Amino acid sequence: MSVDAYGPSSQTLTFLETDETDDFIGADTQGSQFDFNDFTLPSQTQSQTQASQIEGDESQSQAIIDGESLPNGDVNAVTQSVGELNFEEDEEEQFYMRDLPKYACAYCGIHDPACVVFCNQSKKWFCNGRGNTSGSHIINHLVRAKAKEVTLHKDGPLGETILECYNCGCKNVFLLGFIPAKADSVVVLLCRQPCASQSNLKDMNWDPSQWQPLIQDRQFLNWLVKVPPDNDQLRARQISATQINKLEELWKDNPEASLEDLEKPGVDEEPQQVLLRYEDAYQYQNIFGPLVKLEADYDKRLKESQTQDNIVVRWDIGLNKKRIAYFHFTKANEEMKLMHGDELRLRYLGELHKPWSGVGHVIKIPDSILYDINLASKCRRTPTTTCI
């Protein structure tokens, strides 16, 4: 059968009709010879037989590794040798996990002698790098621990040196600065007040106008304490300002604590927040009880931190026949604000005499003229006035 062309650009189409007796293969896939009526599951014995045949085929097969044909025995040998390989992590990833020297930074672990500083109060080493904080690690620790005295490393550029004023011996690093000498190629460490403002410095070939602090931008000067390279700071242990605060609080109770102790359960546990309304007295006690205990512990630590040892006491008797103690208390104006009437306790541990302790109230505080504290004793027992 032929069909006429449709349109001027069409070609002639020819359709062929075949009979079933022709040699052409039919496309009838729905015929009866393609029916499948057996939908039963195989028995357990048939499944085991098929599994054994598959295992037998696998035992007779050969493995091809890297384009080479190996027998099954060699495959087992290669598998065993691969299992014996030990994969070690890169040394850079294990920087802070290996054994560090004693002078390593307590925060990040950097242990370059030219980059670390020793805190004389906490007996710990810290580096001059910033890490993830706004200031260097040593400055962060000095501020939070209220420490002021440091010592350089013996293997550093300046050797084992305690930073102190050349004129008066002041060791407060937050008051220290340097003045370059005109004649010699040396620098002189001087405190801001009163040494740097004295008029006789010009006679010593020192120009007070060139005085500069040792700490600039929350970091020690680079010629004094080296700043760790960026590569070392990236390889070091990363610590945030929040972790530093928690670690400093933990050191007040346990000076030997480390950063790993912060991960212990209960360390970062926060007390419950107070509510505007409470269901009963039991809920009120459960919320305020831990808060009162935390405040009491904080006050106790604060008072214990304000103690001062090795003071020299001068005894006298006042007009009211009470004993008055005169002594110099260095923390009175810096960390502890004393007022008239405040109570202080004097205690003698009893190395050369029997132990004694007494409580008194402050009757005079230091000023521009008086440098000692006058304490009127309330104790009825006779204090230890001599230790010979």
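These figures come from a predicted structure and were not determined experimentally.

Caption draft 1: Representation of the overall build of the chain in the model. Within the chain, the secondary structure is distributed over six helices and 13 strands. Out of the 388 residues belonging to the chain, those deemed buried represent 27%. Long-range contacts, defined as pairs at least 24 residues apart, comprise 45% of the intrachain contacts of the chain with a sequence gap of at least 6. Carbon and sulfur atoms form 50% of the exposed surface of the chain, whose accessible area is close to 28,600 Å².

Caption draft 2: Inspection of the sheet that holds strand 3 (residues 116-119) at higher detail. The strand order across the open sheet built from three strands is 4-3-5, with neighbouring strands paired in antiparallel fashion. Either end of the sheet is taken by a strand with one partner, and the two such strands are strand 4 (124-127) and strand 5 (150-152). Each adjacent strand pair in this sheet contributes to an overall mean axis angle of 35°, direction not counted. Sheet topology places strand 3 next to strand 5; three bridges connect them, and they run antiparallel. Looking at the pairing, F118 lines up with T151 of strand 5. Along the sheet, helix 3 (residues 137-145) makes contact with strand 3, strand 4 and strand 5, crossing strand 4 at roughly 130°.

Caption draft 3: Just the packing of aromatic side chains, in detail. Scanning the entire structure with this criterion turns up ten aromatic pairs. Seen in terms of ring centroids, Y103 and W125 are 6.5 Å apart; in terms of plane orientation they differ by 75°. Their pairing is edge-to-face. In this pair, Y103 is assigned in the loop between helix 2 (72-83) and strand 3 and W125 in strand 4, connecting sequence segments 22 residues apart. Three or more aromatic residues joined by ring pairs form one cluster here, namely Y103, F118 and W125. The aromatic ring of W251 is capped on one face by K124, whose charged end is 4.7 Å from the ring centroid. One residue, R314, lies across the ring of Y326, its end atom 4.2 Å from the ring centre.

Caption draft 4: Up close: helix 5 (residues 241-253). Among all positions of helix 5, only I244, L247, E248, L250 and W251 are buried. What you see down the axis of helix 5 is that its buried residues fit within an arc of 165°, all on one side. At its buried positions, helix 5 is contacted by strand 4 and helix 3.

Caption draft 5: Structural detail: the pattern of salt bridges. Evaluation of the coordinates by the stated rule reveals five salt bridges. Between E249 and K252 there is a salt bridge, with its nearest N and O atoms 3.3 Å apart. Placement of both E249 and K252 in helix 5 is noted, with a separation of three residues, approximately one turn of the helix. What makes E249 partly exposed here is its relative accessible area of 40%. Given the relative accessible area of 47%, K252 is considered partly exposed. A salt bridge links K293 to D297; the shortest N-O distance between them is 3.0 Å.

Caption draft 6: Region of interest: the pairing of strand 9 (residues 314-317). When strand 9 meets strand 10 (residues 323-327), the two strands line up antiparallel, connected through four bridges. Bridge pairing in strand 10 places D316 opposite I324. The turn joining strand 9 and strand 10, which pair antiparallel and follow one another in sequence, is formed by five residues; a positive phi near 65° is taken by K321.

Caption draft 7: Region of interest: the sheet that holds strand 8 (residues 212-213). Ordered in space as 7-6-8, the three strands form an open sheet in which the pairing is antiparallel. The open sheet has two edge strands with one neighbour each: strand 7 (187-191) and strand 8. Here strand 6 (residues 176-180) runs beside strand 7; their pairing, made up of five bridges, is antiparallel. Along strand 7, the bridge assignment pairs I179 with V188.

Reading guide: rules and limits
Residues numbered from 1 in each chain as written. Predicted model: local features only at pLDDT ≥ 70, side-chain atom pairs only at ≥ 80, totals over all residues. Heavy atoms only, no water. Helix = DSSP H or I, 4+ residues; strand = E, 2+ residues; numbered from the N terminus. Buried < 20%, exposed > 50% of the residue type's maximum accessible area, 1.4 Å probe, protein only. Contact = heavy atoms within 4.5 Å. Areas by Shrake-Rupley, 256 points an atom, 1.4 Å probe, with all protein chains shown as cover. Pairing = 2+ DSSP bridges. Axes fitted to C-alpha atoms, helices over the stretch in contact; angles between N-to-C directions. Phe/Tyr/Trp six-rings, centres within 6.5 Å; stacked < 30°, edge-to-face > 60°. Lys NZ or Arg CZ within 6 Å of the ring centre and 35° of its normal. Arc of directions from axis to C-beta. Salt bridge = Lys/Arg side-chain N within 4 Å of Asp/Glu carboxyl O.

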